[in-house]
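# Structural characterization, general
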Amino acid sequence: MTATTEAPDVTADPAPPQRTAKCSTPFLLTAVLLAALLVLALLSAGLGAYHIPLGDVLGSVRHRAGLGGQPLGRVGESVLWNVRLPRVVLALLVGASLGCAGALMQGVFGNPLAEPGVIGISAGAAAGAVGSIALGLSFFGNRTITFCAFTAGLVTVLLVYVLSRSGGRTEVVTLILTGIAVNAFAGALIGLFIFFAGALIGLFIFFADNAQISQITFWQLGSLAQATWPKVLAVLPCALAGLAIAPLHARELDLLALGERPARHLGVDVERLRIVLVLVVALLTAAAVAVAGIITFVGLLVPHLLRMAAGPGHRFLVPGSALGGAVVLMAGDLAARTVAAPAELPLGVLTALFGSPFFFWLLRRTRRKQGGWA
C-alpha cells in the first residue's frame, strides 16, 4: 500500500509579490514627495510676517488662473505674488538642481560621498559669481553672473575630476581632499574679491559699493531672500535643460555602476558619458549658485536617502533626487524664515548645520563597509 501525498502547489510563487513590492516603492516615494512638495509650497506661500490663510492663497491662485476664487487685498496680492511665490518657485528649481546634481555626481564618480558642495563645485561657481559682481562685469547683461558661475563651476568640476582619478578609477580619499583644497582656494578668492571691493569704496564708486559687499556676503551664506520673478526666469532655462537631460542617461549610469570595463563591453562610451554629465552637473550647480549662493549637503543627503529607500537604480534615483531636493530646500527655506522670526536664518548655514552630522555618519559608515581606506 503506497501512501499518496498531495503534490505541493507550485503555482504560488513568492517572487512576483516581492518584485511588485520593489517596483511599487519608487511610485510610493514619488507620491509622498509630490504631496510633501505641495503642502510645503502652500505653507511657504501663507506663512511669514504677513500671514495669509490657506483658503485665501488658493482663492487668489484660482482667481489668477481664471477658475473663480477671490483676489486678496492690495497688500496681500503683492506679498503673495511678488514675494512669496517667486521664492517658492526658486526653492523648487534650486533644490531640484542641487539634488539632481548630487545624484549625477555620485553616479559618475561611483561613490556616495560625491556632492557639488563637498568637492568644491559650489564654491568654485560662487567664486565666479562673486568675481563678476566685484569686477562689475556686465557683458551678458542680467545673465553675466550666471555665465561666470557656470564657467567657474565647469573649470572646478573638471579640475576635481582630473585630480581625483588614479589608475583609471576615482578614489574617495583623493576626491574629498581635492574638495577641501578647492573649497579653500575658492574661499580665498572670494575673500580677495571682498577685500578689493571694500578697498575701492570711496575711490571708484561706480566700480564697488556697499551694495556689492552685501551681494557678495549673500553668495557666501546662501539665501533665497532676494527671490524675484526675473531671477526665476534667469535660472529656469539652465535648470530645465539640466533636469531634462539627466534622466536620459539613467540606464548608462546603471551600467557604469557595474564597473568601467563591463560598461564598455555593454556599449557605454564611458568617457563621453562622464563629460556630458560633468557638463550637466556644472550647469545645474551654476544655475543654483547664481541665484541662491552656496547651499551645501542637499546633493549629498537626498540621493543617499533615496538610494537606501528604493535601491540604486538611476531611473528613479535621478528624477527622485530632483524632487527630494526641492522638498528639502523648500522645507529649509520655510524654517529659515520662521524659526527665528522676524529675523531670517541664512539657508546655506541651516543646510550645513543639519547636513554636516549626516556627512560624518555617512563617512564612517562607508569606511566600515570598505574595511578602511586602503
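Provided above is the structure to which this section pertains.
Residues numbered from 1 in each chain as written. Predicted model: local features only at pLDDT ≥ 70, side-chain atom pairs only at ≥ 80, totals over all residues. Heavy atoms only, no water.

Per the secondary structure count, the chain includes 14 helices and 2 strands. The buried share of the chain, taken over its 374 residues, is 46%. The contacts in the chain between residues at least 6 apart in sequence include a share of 75% that link residues at least 24 apart. In the form shown here, the chain has an accessible surface area of approximately 18500 Å², with 69% of it arising from carbon and sulfur atoms. (Helix = DSSP H or I, 4+ residues; strand = E, 2+ residues; numbered from the N terminus. Buried < 20%, exposed > 50% of the residue type's maximum accessible area, 1.4 Å probe, protein only. Contact = heavy atoms within 4.5 Å. Areas by Shrake-Rupley, 256 points an atom, 1.4 Å probe, with all protein chains shown as cover.)

Let us now look at the environment of Ala35. Position of Ala35 among the secondary structure elements: in helix H1 (residues 15–46). Assessed through its relative accessible area of 42%, Ala35 is described here as partly exposed. C-alpha of Ala35 to C-alpha of Val327: the two residues are 292 residues apart in sequence and 9.7 Å apart in space.

So, about unusual backbone geometry. Here the phi dihedral of Phe297 falls at roughly 75°; this positive angle occurs in a residue that is not glycine. With respect to the helices and strands, Phe297 occurs in the loop between helix H11 (270–292) and helix H12 (298–310). Judged by relative accessible area, Phe297 falls into the buried class, the value being 13%.

At a closest axis distance of 9 Å, the pairing of helix H8 (residues 229–245) and H11 adopts a crossing angle of 160°. If you check the angle between H8 and H11, you find them roughly antiparallel. The two elements H8 and H11 cross, and the hand of that crossing is left-handed. From H8, Lys231, Val235, Cys238, Ala239, Ala241, Gly242, Leu243 and Ile245 reach across to H11, where they touch Val280, Leu283, Leu284, Ala287, Ala288 and Val291. Residues belonging to the contact of H8 with H11 are distributed by class as follows: 12 nonpolar, 1 polar and 1 charged. (Axes fitted to C-alpha atoms, helices over the stretch in contact; angles between N-to-C directions. Parallel < 35°, antiparallel > 145°, perpendicular 65-115°, else oblique. Left-handed = near helix turned anticlockwise from the far one by under 90°. Nonpolar A, V, L, I, M, F, W, Y, C, P; charged D, E, K, R; others polar.)

Between its first and last C-alpha, helix H3 (residues 74–109) extends 51 Å over 36 residues, near the 52 Å set by a 1.5 Å rise per residue. The largest bend in H3 comes to about 35°, at Arg84, with the proline Pro86 one to four residues further on. Within H3, 29 of the 36 residues are buried, leaving the element largely enclosed by the surrounding structure. Gly110 occupies a position one or two residues after H3 and carries a positive phi of about 75°. (Expected span 1.5 Å × (residues − 1). Bend = angle between axes of the 7 residues up to and from the residue.)

This next bit is on the pattern of salt bridges. A full pass over the atoms with the stated rule returns 7 salt bridges. One salt bridge in this structure joins Glu260 and Arg264, with 3.4 Å as the shortest N-O distance. Of this pair, Glu260 and Arg264 both sit in helix H10 (residues 260–265), 4 residues apart, which is roughly one turn of the helix. We classify Arg264 as partly exposed; its relative accessible area is 43%. (Salt bridge = Lys/Arg side-chain N within 4 Å of Asp/Glu carboxyl O.)

Another point: helix H4 (residues 121–134). Under the 1.5 Å per step criterion, the end-to-end length of H4 is 20 Å for 14 residues, consistent within 8% with the ideal 20 Å. Counting buried positions along H4 yields 14 of 14 residues, so the element is predominantly enclosed. Within two residues after H4, Gly136 carries a phi angle of roughly 65°, on the positive side.

Here Val328 shows up in helix H13 (residues 314–338). Judged by relative accessible area, which is 34%, Val328 ranks as partly exposed. Each C-alpha atom of the pair Val328 and Leu301 lies 9.4 Å from the other, and the pair is 27 residues apart in sequence.

Next up on the list: the nonpolar core. Membership of the largest hydrophobic core comes to 73 residues, with the highest contact counts inside it found for Leu90, Val94, Leu104, Met105, Phe109, Ile119 and Ile295. Every residue in contact with Leu90, bar those within four places of it in the chain, is listed here: Leu224, Ala227, Lys231, Val232, Val235 and Val291. Within the second largest apolar cluster, 16 residues are counted, among which are Ala129, Ile133, Ala286 and Ala290. (Core = buried A, V, L, I, M, F, W, Y, C linked by side-chain atoms within 4.5 Å.)

With that settled, the discussion passes to the packing of aromatic side chains. The full count for this structure, using the stated rule, is 2 aromatic pairs. Where Phe139 meets Phe147, the ring centres are 5.9 Å apart and the plane angle is 85°; that geometry is what we call edge-to-face. Under the relative-accessibility criterion, Phe139 is labelled partly exposed at 46%. When the centroid spacing of 5.6 Å and the interplanar angle of 45° are considered together, the rings of Phe358 and Trp361 count as tilted. (Phe/Tyr/Trp six-rings, centres within 6.5 Å; stacked < 30°, edge-to-face > 60°.)

This part takes up the side chain of Ser97. Turning to its location among the elements, Ser97 is positioned in helix H3. Relative accessible area serves as the criterion here: at 0%, Ser97 is assigned to the buried category. Every residue in contact with Ser97, bar those within four places of it in the chain, is listed here: Ala239, Leu243, Leu284 and Ala288.

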